[in-house]
Amino acid sequence: MHILIAGGSGSLGTALTATLTAAGLGGTILSRHAVPPPATPGRANPGGTTRVVPWTPNGSSGPWSASCAGIDVVINLAGASIGDGRWSSARKAILASSRQQSTRALASFITHADPRPRLLISASAIGYYGDRADEKLTEDAPAGTGFLADLCRQWEAAACDARSPATRVILVRTGIVLDVNAGALPRMLLAFRLFAGGPFGSGRQYMSWIHRDDWVRLVASLLDTAGL
């Protein structure tokens, strides 16, 4: 199985790539900061090894797609970090465009590939549902309101452009991913290490979270049960 990971150099992508490589699955990472690999004919990557391909996620497939022939699965983790910087109007525009442009580029790649990848796993978030307090929600619940809900709707719509009889699309809506060494948790702990920590607001807010290792296992399980 040959897997293409967009956003594979981030915290989630790094952990997922390590797990997949250890399992003997070939991986190709798309990165905006990569050194171009030498041109080689044939399939994208042999099993159990990982390489990095540079790309410019501008909404359409580009020269990078020529290095990605023979991909079976695309995993989309690309997009600017939600937790980096204040949510100014400019920052919100970056959060939205980085997800839409990268996802549209992957959908274009999948649509024009021959043969097409059989599966797209595209990250999303429970922000899709908006702030619903203690309402019980399932994946069939309608989208909520607010910036995150709008962002997730547009993000998922771009991913669904890749859906066809040949390609299945799975949207993974998860909460905040926590790990002691990366992501939101080190920033949250900093205040307590400086003896300035305390409850946020009333302390009765909901915060759904998942550990990074469990997130990796979740994605790996999707590969196991996808029938590829």
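The structure contained in this document is the topic of the report that follows. From a predicted model like this one, the values you see are computed outputs, not experimental measurements.

1. Regarding the nonpolar core
- Judged by nonpolar contacts, the single largest core of 22 residues is most densely connected at Leu16, Ile75, Ile121 and Trp215.
- Elements that contribute at least two residues to this core include exactly strand 1 (2–6), helix 1 (11–22), strand 4 (73–76), strand 5 (119–125), strand 6 (168–174) and helix 5 (212–225).
- For this core, the element with the highest residue contribution is helix 5, accounting for five residues.
- Setting aside chain neighbours within four positions, we find Leu16 in contact with Ile5, Ile75, Leu77, Trp215, Val216 and Val219.
- In this structure, Leu4, Leu30, Cys68 and Ile71 belong to the second largest nonpolar core, which totals 19 residues.

2. Some words on the pattern of salt bridges
- This structure, assessed with the given rule, holds six salt bridges.
- Where Glu135 meets Arg132, a salt bridge forms, and the shortest distance between an N and an O atom there is 3.0 Å.
- The exposure class assigned to Arg132 is buried, which follows from its relative accessible area of 18%.
- Its salt-bridge partner being Arg212, residue Asp179 comes within 3.8 Å of it at the nearest N-O pair. You can see Asp179 sitting in strand 7 (residues 176–179) and its partner Arg212 sitting in helix 5, a full 33 residues away along the chain. Note on accessibility: Asp179 and Arg212 belong to one class, buried.

3. Comments concerning the sheet that holds strand 7
- Pairing in this open sheet of three strands is mixed, and the strands run 8-7-9 from one edge to the other. Whereas interior strands pair on both sides, the edge strands pair on one side only; in this sheet they are strand 8 (182–183) and strand 9 (209–211).
- Here strand 7 runs beside strand 8; their pairing, made up of two bridges, is antiparallel. Pairing of Asp179 across the sheet is with Ala182, part of strand 8.

4. Section: the packing of aromatic side chains
- For the coordinates displayed, the defined rule picks out four aromatic pairs.
- Where Trp55 meets Trp64, the ring centres are 5.4 Å apart and the plane angle is 90°; that geometry is what we call edge-to-face.
- Taking the relative accessible area as the measure of exposure, Trp64 reaches 4% and is therefore buried.
- Where Trp87 meets Phe147, the ring centres are 5.4 Å apart and the plane angle is 65°; that geometry is what we call edge-to-face. Here Trp87 is found in the loop between strand 4 and helix 2 (89–112), whereas its partner Phe147 is found in helix 3 (residues 147–160), with 60 residues between them in sequence.
- Relative accessible area serves as the criterion here: at 33%, Trp87 is assigned to the partly exposed category.
- Classification of Phe147 as partly exposed rests on a relative accessible area of 22%.

The rules we used
- Residues numbered from 1 in each chain as written.
- Predicted model: local features only at pLDDT ≥ 70, side-chain atom pairs only at ≥ 80, totals over all residues.
- Heavy atoms only, no water.
- Core = buried A, V, L, I, M, F, W, Y, C linked by side-chain atoms within 4.5 Å.
- Buried < 20%, exposed > 50% of the residue type's maximum accessible area, 1.4 Å probe, protein only.
- Helix = DSSP H or I, 4+ residues; strand = E, 2+ residues; numbered from the N terminus.
- Contact = heavy atoms within 4.5 Å.
- Salt bridge = Lys/Arg side-chain N within 4 Å of Asp/Glu carboxyl O.
- Pairing = 2+ DSSP bridges.
- Phe/Tyr/Trp six-rings, centres within 6.5 Å; stacked < 30°, edge-to-face > 60°.

Nothing here speaks to function; it is all geometry.
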